[in-house]
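This is what each chain is made of:
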Amino acid sequence: MEKDLEQELIIRDYLARQRTTLANDRTLLSFIRTSLYFLVSGTALFEVKNLSHIRDLGYLAFGLSIAFLAIGFISYFKVRKKLKKGNYLKM
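Here's a quick rundown of the structure. (Residues numbered from 1 in each chain as written. Predicted model: local features only at pLDDT ≥ 70, side-chain atom pairs only at ≥ 80, totals over all residues. Heavy atoms only, no water.)

### A short note on a nonpolar patch on the surface
Part 1 of the argument: The grouping of Ile11, Tyr14 and Leu15 at the surface amounts to a nonpolar patch, some 290 Å² of accessible area in total.
Part 2 of the argument: Here Leu15 shows up in helix α2 (residues 11-46). (Patch = residues over 30% accessible without salt bridge, like charges linked within 9 Å, V, L, I, M, F, W, Y side chains within 5 Å. Areas by Shrake-Rupley, 256 points an atom, 1.4 Å probe, with all protein chains shown as cover. Salt bridge = Lys/Arg side-chain N within 4 Å of Asp/Glu carboxyl O. Helix = DSSP H or I, 4+ residues; strand = E, 2+ residues; numbered from the N terminus.)

Have a look at this one:
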């Protein structure tokens with residue numbers, strides 16, 4: 001099915017599809033990078049010994065890290081699935 005779709009596309013549509021695929025990859029990498037920033041921040045907040053209420057912010061940072069990672073992967077696979085089906089114009 002995908003080979004038939006590839007043959008029907010003109011070069012402009014094919015390149016647009018490739019750009020969309022690359023943009024999807026970049027978006028996933030951005031979510032992973034943000035997740036790692038929150039993970040590092042959470043770890044740094046756990047190392048603060050003088051202020052006990054800062055530990056709660058560390059837990060929040062860890063939670064946000066996991067949430068961003070999950071959202072990034074879910075979004076990536078949804079767009080990838082639409083691209084494989086060929087209905088990426090309706091996103």
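Now that the structure has been shown, we can carry on.
### Some words on the side chain of Ser35
Part 1 of the argument: Secondary-structure assignment places Ser35 in helix α2.
Part 2 of the argument: Of note is the side chain of Ser35, whose polar atom sits 2.8 Å from the backbone oxygen of Ser65.
Part 3 of the argument: If near-sequence neighbours (up to four positions away) are discounted, Ser35 is found in contact with Ser65, Phe68 and Leu69. (Polar contact = N/O pair within 3.5 Å; in protein donor to acceptor, adjacent residues only side chain to side chain. Contact = heavy atoms within 4.5 Å.)

### Here we look at the packing of aromatic side chains
Geometry of an aromatic ring pair is reported as the spacing of the ring centres plus the angle between the planes.
Part 1 of the argument: Considering all chains together, one arrives at six aromatic pairs under this definition.
Part 2 of the argument: Between the aromatic rings of Phe38 and Phe68, the centroid separation amounts to 5.5 Å while the plane-to-plane angle is 20 degrees, which identifies the pairing as stacked. Taken as a pair, Phe38 in helix α2 and Phe68 in helix α3 (residues 54-85) lie far apart in primary sequence, 30 residues in all.
Part 3 of the argument: When the ring of Phe73 is compared with that of Phe77, the centres are 6.4 Å apart and the planes differ by 20 degrees; the resulting orientation is stacked. In this pair, Phe73 and Phe77 are both assigned in helix α3, four residues apart and thus about one turn of the helix distant.
Part 4 of the argument: You can call Phe73 partly exposed: its relative accessible area is 33%.
Part 5 of the argument: Counting every residue linked through ring pairs, the aromatic cluster contains Phe31, Phe38 and Phe68. (Phe/Tyr/Trp six-rings, centres within 6.5 Å; stacked < 30°, edge-to-face > 60°. Buried < 20%, exposed > 50% of the residue type's maximum accessible area, 1.4 Å probe, protein only.)

### Thoughts on the environment of Phe62
Part 1 of the argument: With respect to the element layout, Phe62 can be found in helix α3.
Part 2 of the argument: Taking the C-alpha atoms as reference points, Phe62 and Leu36, separated by 26 residues in sequence, lie 9.5 Å from one another.
Part 3 of the argument: The contacts of Phe62, once residues within four sequence positions are left out, are Leu39, Gly42, Thr43 and Phe46.

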